[in-house]
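Chain by chain, the residues:
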Amino acid sequence: MKTPGHVLAKQVEQIKESRIFDVRSDELPTWCPGCGYFGIHQGLNNAIQQLGIPHHEAVTISGIGCAGRYPFFTNTYGLHTVHGRALPVSTGVKMANPELTVFAVGGDGDGLAIGGGHLPHISRRDVDVNYLLFDNSIYGLTKGQPSPSTPQGFKTKASPYGTTDRPLNATLLALSYGASFVARLFAGDPEGITKALVEGIQHEGFSFFHLYTTCLTFDKQFKTWEHLKSWIHPLPKEHDPSDYRQAMDRVLEDDFSVGILYQRDG
Ligand code: SF4
Ligand code: MG
């Protein structure tokens, strides 16, 4: 059902008045009302403000999909590139101008399918890029097909009997590939996102942020807000992010603990 025009207009006014667009562009996000991406947007914008990064010294680079539209909505330099190529383009931008703070953004479909071959190489090269993977476990923009992180048995119009493939775990991949900063976060917790981003942006090396989010329009089965809220919990206080083996154990044992899992300097 379409949202009536006057309701949309009111929502737009509320959004304009809120602080989440302090570093936004003049373009209002075209994401569905209630999409988890708004929480990530707020978290990232607050981190940029907290660190006082001038807008002209930051660049946001995306692939495709709903997350691919991100550069239009934030007031940094931006590139909306092609399917799965946010990471190599980010590497090139960082090489050309190392003074820039570089954000690569993209969804699970974009970054784990056709783009999945770039994650190991940016990790092993330890390029100083901040990669935000918006993982809602579905292709949202193309109306709800299974992605590489969709759980087995998930029914869509493209998989009416349920998916048969096993899902990829993006956090586990990044750790395995040797990413030097790995955080797992929840789109419903913008403050937690800001906290981790502030650390990760200052980290000198590749920083990977696996953001659990929801596509409330096309996922009524798995990652709904209700499900995510009941599953997500913080990492235990005693977790030591400098301990690689501990980080791996946590990820293998528990899919939904959030926080900074791993950080290696030098
Ligand atoms: Fe968000 Fe899904 Fe709408 Fe895309 S289709 S904007 S992921 S809710
Ligand atoms: Mg997706």
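Just above, that's the structure.
Because the structure is predicted, anything quoted here is derived from the model rather than measured. (Residues numbered from 1 in each chain as written. Chains lettered and ligands numbered in written order. Predicted model: local features only at pLDDT ≥ 70, side-chain atom pairs only at ≥ 80, totals over all residues. Heavy atoms only, no water.)

S.K.: Honestly, the coordination of the magnesium ion (ligand 2) in this entry has me stumped. Any pointers?
M.R.: In an ideal tetrahedron of four donors about a metal, each angle is 109.5 degrees. In an ideal octahedron of six donors, the angles are 90 or 180 degrees. Those protein atoms acting as donors to the magnesium ion (ligand 2) are Asp108 (OD), Asn136 (OD1) and Ile138 (O), and they sit at 2.2 to 2.4 Å. The sequence pattern describing where the donors of the magnesium ion (ligand 2) fall on their chain is D-x27-N-x1-I. Taken as a pair, aspartate 108 in helix H5 (residues 108-114) and asparagine 136 in the loop between strand E4 (130-135) and helix H7 (170-177) lie far apart in primary sequence, 28 residues in all. Among the residues examined, aspartate 108 registers a relative accessible area of 0% and is labelled buried. Asparagine 136 sits in the buried class, given a relative accessible area of 4%. (Donors = N, O, S within 2.8 Å, 3.2 Å for Na, K, Ca; no water. Helix = DSSP H or I, 4+ residues; strand = E, 2+ residues; numbered from the N terminus. Buried < 20%, exposed > 50% of the residue type's maximum accessible area, 1.4 Å probe, protein only.)

S.K.: Would you explain the site of ligand 1 in this entry?
M.R.: Close to ligand 1 lie Trp31, Cys32, Cys35, Tyr37, Cys66, Asn136, Gly140, Cys215, Leu216, Thr217 and Phe218, which account for all nearby residues. Of the residues assigned to the shell around ligand 1, the class counts are 8 nonpolar, 3 polar and no charged. (Near = heavy atom within 4 Å. Nonpolar A, V, L, I, M, F, W, Y, C, P; charged D, E, K, R; others polar.)

S.K.: Sorry if this is basic, but what is going on with the nonpolar core here?
M.R.: Ranked by size, the top nonpolar core spans 36 residues in total, and within it Ile40, Leu132, Phe134, Leu197, Phe209 and Leu211 carry the most contacts. Every element with two or more residues in this core is listed here: helix H2 (37-50), helix H3 (70-73), strand E3 (101-107), E4, strand E5 (181-186), helix H8 (190-202), strand E6 (207-212) and helix H9 (225-231). Setting aside its immediate chain neighbours within four residues, leucine 132 contacts Ile40, Leu44, Phe103, Ala104, Val105, Gly106, Leu197, Phe209 and Leu211. Val59, Ile61, Leu87 and Phe206 belong to the second largest nonpolar core, which has 28 residues in total. (Core = buried A, V, L, I, M, F, W, Y, C linked by side-chain atoms within 4.5 Å. Contact = heavy atoms within 4.5 Å.)

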